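# Commentary on secondary and tertiary structure
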Amino acid sequence: MRIATWNINGIKARLEILVTWLAQEKPDIVCLQEIKTVDEGFPRAEIEALGYNIETHGQKSWNGVAILAKGRDPVETHRGLPGDPDDVQSRYIEAAIDGVLIGGLYLPNGNPRPGPKFDYKLRWFDRLIDHAAGLLASGLPVMLAGDFNVMPTALDVYKPERWTEDALFAPEVRAAFARLLAQGWTDALRTIHPGETIYTFFDYFRNAYARNAGLRIDHLLLSAPLAARLVDAQVDAHVRGWEKTSDHAPTWVELRDG
DNA sequence: ATGCCTAATGCAATTAGA
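Report follows, based on the coordinates. Note that the coordinates shown come from a computational prediction; the quantities given were computed from them, not determined experimentally. (Residues numbered from 1 in each chain as written. Chains lettered and ligands numbered in written order. Predicted model: local features only at pLDDT ≥ 70, side-chain atom pairs only at ≥ 80, totals over all residues. Heavy atoms only, no water.)

### Notes on the pattern of salt bridges
- The tally for this structure, following the rule as stated, stands at 14 salt bridges.
- Note that Arg113 is salt-bridged to Glu165, the shortest N-O span being 3.3 Å. Placement of Arg113 in the loop between strand E7 (100–106) and helix H3 (116–137) and of Glu165 in the loop between strand E8 (142–147) and helix H4 (171–182) is noted, with a sequence separation of 52 residues between them.
- The exposure class of Arg113 is partly exposed, given its relative accessible area of 24%.
- As a salt-bridge pair, Arg216 and Asp156 come within 2.6 Å of each other at their nearest N and O atoms. Residue Arg216 is found in the loop between strand E11 (214–215) and strand E12 (218–222), and its partner Asp156 is found in the loop between E8 and H4; the two are separated by 60 residues along the sequence.
- Beyond isolated ion pairs, a larger network of salt bridges with shared partners links Asp156, Asp187, Arg190 and Arg216. (Salt bridge = Lys/Arg side-chain N within 4 Å of Asp/Glu carboxyl O. Helix = DSSP H or I, 4+ residues; strand = E, 2+ residues; numbered from the N terminus. Buried < 20%, exposed > 50% of the residue type's maximum accessible area, 1.4 Å probe, protein only.)

### Examining the sheet that holds strand E3 (residues 52–57)
- Taking strand neighbours across the sheet as the criterion, the six strands line up as E3-E4-E2-E1-E14-E13 in an open arrangement whose pairing is mixed. What marks the edges here is a single partner per strand, and that holds for E3 and strand E13 (230–235). Ignoring which end each strand starts from, the neighbouring axes of this sheet average 15° apart.
- Packed on one face of the sheet, helix H1 (residues 15–25) meets strand E1 (2–7), strand E2 (29–33), E3 and strand E4 (65–70) and runs near 165° to E1. (Pairing = 2+ DSSP bridges. Axes fitted to C-alpha atoms, helices over the stretch in contact; angles between N-to-C directions. Contact = heavy atoms within 4.5 Å.)

### Focus: the protein's contact with DNA strand B
- The local shell around DNA strand B holds 25 residues, among which Glu34, Tyr106, Asn109, Phe205 and Arg206 are the closest.
- Here the atoms of DNA strand B within 4 Å of the protein split so that 64% fall in sugar or phosphate, with bases taking the remainder.
- Residue Tyr106 places a side-chain N or O atom 2.9 Å away from a phosphate oxygen belonging to DNA strand B.
- One of the side-chain N or O atoms of Asp147 is found 3.3 Å from a phosphate oxygen in DNA strand B.
- The residue makeup of the surface near DNA strand B, split by class, is nine nonpolar, seven polar and nine charged. (Near = heavy atom within 4 Å. Polar contact = N/O pair within 3.5 Å; in protein donor to acceptor, adjacent residues only side chain to side chain. Nonpolar A, V, L, I, M, F, W, Y, C, P; charged D, E, K, R; others polar.)

### Some words on the nonpolar core
- Core analysis: the biggest nonpolar cluster contains 27 residues, and Ile3, Ile67, Ile102, Met143, Val253 and Leu255 have the highest contact counts within it.
- Excluding residues within four positions of it along the chain, Met143 makes contact with Ile3, Leu101, Ile102, Gly103, Trp185, Leu220, Leu221, Leu222, Leu226, Val253 and Leu255.
- Residues Leu105, Val142, Val150 and Ala170 belong to the second largest nonpolar core, which totals 25 residues. (Core = buried A, V, L, I, M, F, W, Y, C linked by side-chain atoms within 4.5 Å.)

### Let's talk about the sheet that holds strand E9 (residues 186–187)
- Read from one edge to the other, the open sheet built from six strands follows the order E5-E6-E7-E8-E12-E9, with strand pairing classed as mixed. Looking along the sheet, the strands with just one partner apiece sit at the ends: strand E5 (75–79) and E9.
- Relative to E7, strand E6 (residues 92–97) runs antiparallel, the two being bridged by six bridges. Of the residues in E7, the one forming a bridge with Glu94 is Gly103.
- Sitting on the sheet, H3 touches E5, E6, E7 and E8, and the angle it makes with E6 is about 15°.
- Across the sheet, H4 lies against E8, E9 and E12, angled at about 25° from E12, the strand it touches most.

### Description of the packing of H3 against H4
- Here H3 crosses H4 at 5°, and the two axes come no closer than 10 Å. Comparing their axes, H4 and H3 come out roughly parallel. Across from Phe118, Lys121, Leu122, Phe125, Asp126, Leu128, Ile129 and Ala132 in H3, the residues of H4 making contact are Glu172, Val173, Ala176, Phe177, Arg179 and Leu180.
- For the contact of H3 with H4, the class distribution of residues is 10 nonpolar, no polar and four charged. (Parallel < 35°, antiparallel > 145°, perpendicular 65-115°, else oblique.)

### Things to note about the packing of aromatic side chains
- Taken as a whole and judged by the stated rule, the model has five aromatic pairs.
- Pairing Tyr199 with Phe202 gives two aromatic rings, centres 6.2 Å apart and planes at 80°, and the pair type is edge-to-face. Pair check on accessibility: Tyr199 and Phe202 agree, each one buried.
- Taken together through their ring pairs, the aromatic side chains of Tyr199, Phe202 and Tyr209 make up a single cluster.
- The ring of Phe118 is capped by Arg113, whose NZ or CZ atom sits 5.4 Å from the centre of that ring. (Phe/Tyr/Trp six-rings, centres within 6.5 Å; stacked < 30°, edge-to-face > 60°. Lys NZ or Arg CZ within 6 Å of the ring centre and 35° of its normal.)

### Overview of H3
- For H3, which comprises 22 residues, the first-to-last C-alpha distance of 32 Å matches the rise-based estimate of 32 Å (1.5 Å per residue) to within 8%.
- Tucked inside the fold, the buried residues of H3 contact E5, E6, E7, E8 and H4.
- Of the residues one or two after H3, Gly139 is the one with positive phi, at around 75°. (Expected span 1.5 Å × (residues − 1).)

### Notes on a positive patch on the surface
- A cluster of like positive charges, contributed by Lys159, Arg162, Arg206 and Arg211, occupies part of the molecular surface.
- Take Lys159: it is sitting in the loop between E8 and H4. (Patch = residues over 30% accessible without salt bridge, like charges linked within 9 Å, V, L, I, M, F, W, Y side chains within 5 Å. Areas by Shrake-Rupley, 256 points an atom, 1.4 Å probe, with all protein chains shown as cover. Lys, Arg positive; Asp, Glu negative; His and termini not counted. Charge placed at Lys NZ, Arg CZ, Asp CG, Glu CD.)

The following block contains the structure:
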């Protein structure tokens, strides 16, 4: 079973790209971030035509997440991250699919730092860590997949010295990611590619993709029962080279049957 | 330190991204 995450950067502007990739790669489950539309604006028909069932948690203009499941019916378990009823941003969706619990997330960017957006990022991260603890305690096969907006280590940044004050690489943000991992999650891409320079995001600026000036900020975290089934994890980096594509590349794991 | 590029809104220029 292949499970992917992709920050699509606008589903309406990216529908053709998404359909092309889905038809080529045929992933079983896809977590999308930054759909940038309300639920009613999501182009369901074109994606359902490829055999996918869809759960969305949309928002006008910004943010918005979705889960696609090919030939399976996702059973939604959460819309929105628990822990703050006043949080109106659509950044979390969770569903049970084929006995696996999938949390799709879009963690706040947090820039500029310091500031209210950075504070919101840290609070959101704390809520995620609280929720993740409960997921692990369930003992179920669980995955957290999405755009975490964190480079966990210097290996995950093309020029780490330029990013030390940035909200994506700040010490307190890396520490939060480390706290999350320490609960018992396996970073699938880093586990399959130890010590390797491997990026999931390339800025539109300055021809970043061609220069391999990227960041690793999209992550797939596996609970122990899923980590035992990990076969492969890769980035479809070539998709970043397509015309009119997202600045993030699709990132995925292959799991053997449970 | 800032712009470089791109999307959404809405039709110009701003907000946001990372």
